[in-house]
Amino acid sequence: MSEFTVRAARTSDVRAIHRMLEPYVQRRILLGKDIVVLYEAVQQFIVAEDSDGTVIGCGALHVMWDDLGEIRTLIVSDDWLHRGVGRGIVEALENAARALGLSRLFCLTFEVEFFTRRGFSEIGEHVVDPDVYSQLVRSPDEGIAEFLDLAHVKPNTLGNTRMLKNL
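For clarity, every value in this text was computed on a predicted model and none was experimentally measured.

## Details of the pairing of strand E7 (residues 161–166)
Of all 6 residues that make up E7, 5 are buried, and the element is covered over most of its length. In terms of strand pairing, strand E5 (residues 104–109) meets E7 through 6 bridges, oriented antiparallel. Looking at the pairing, Leu108 lines up with Arg162 of E7.

## Quick word on the sheet that holds strand E3 (residues 55–63)
Two orientations exist for strands paired in a sheet by backbone hydrogen bonds: parallel and antiparallel. Pairing within the open sheet is mixed, and its 7 strands lie in the order E1-E2-E3-E4-E5-E7-E6. Each of the sheet's edge strands pairs with one partner strand only, and the pair in question is strand E1 (4–8) and strand E6 (121–122). Relative to E3, strand E2 (residues 45–50) runs antiparallel, the two being bridged by 5 bridges. Its bridge partner lying in E3, Ile46 is registered against Gly59. The sheet strands contacting helix H3 (residues 85–100) are E1, E2, E3, strand E4 (68–76), E5 and E7, and the helix crosses E3 at an angle near 25°.

## Some points on unusual backbone geometry
Despite not being glycine, Thr73 shows a phi value in the positive range, around 50°. Turning to its location among the elements, Thr73 is positioned in strand E4. Judged by its relative accessible area of 6%, Thr73 is buried. Within the chain, His82 stands out as a residue other than glycine whose phi angle is a positive 65°.

Procedures and definitions
Residues numbered from 1 in each chain as written. Predicted model: local features only at pLDDT ≥ 70, side-chain atom pairs only at ≥ 80, totals over all residues. Heavy atoms only, no water. Buried < 20%, exposed > 50% of the residue type's maximum accessible area, 1.4 Å probe, protein only. Helix = DSSP H or I, 4+ residues; strand = E, 2+ residues; numbered from the N terminus. Pairing = 2+ DSSP bridges. Contact = heavy atoms within 4.5 Å. Axes fitted to C-alpha atoms, helices over the stretch in contact; angles between N-to-C directions.

See below:
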């Protein structure tokens, strides 16, 4: 089995992340992101690369509140599925979350079993107190709207499961 490494993304990785993302956008599994948005968020991304330096996976950590972050855009190349790449990316994102002082991680996923094995659990509607909700609902970020389970994002989230992990 080939080795891979997990590291912080660089601007030179953005086009590879975009290429990996596009098939999932076409299949309506992940939300599309313009390449400029990926450049703006590059510091949120972790990538996995094979021994040749080819990006084979990615994931992002988005801070939502003082104790709450979201794992976003988790992708592993088909050739690397079931080889520990996703786990490695999630572990790196969890470490980054802890370093930022976050104590909870959210994800919206079709991969319920994968995230359950990582310690995530399905959540209901009320996972923040009303004061925090009133602040979060002001955000224009679609991921926060998905976390809050707002009606206007329902078409994007059909079939997805909202999950949370306490770090």
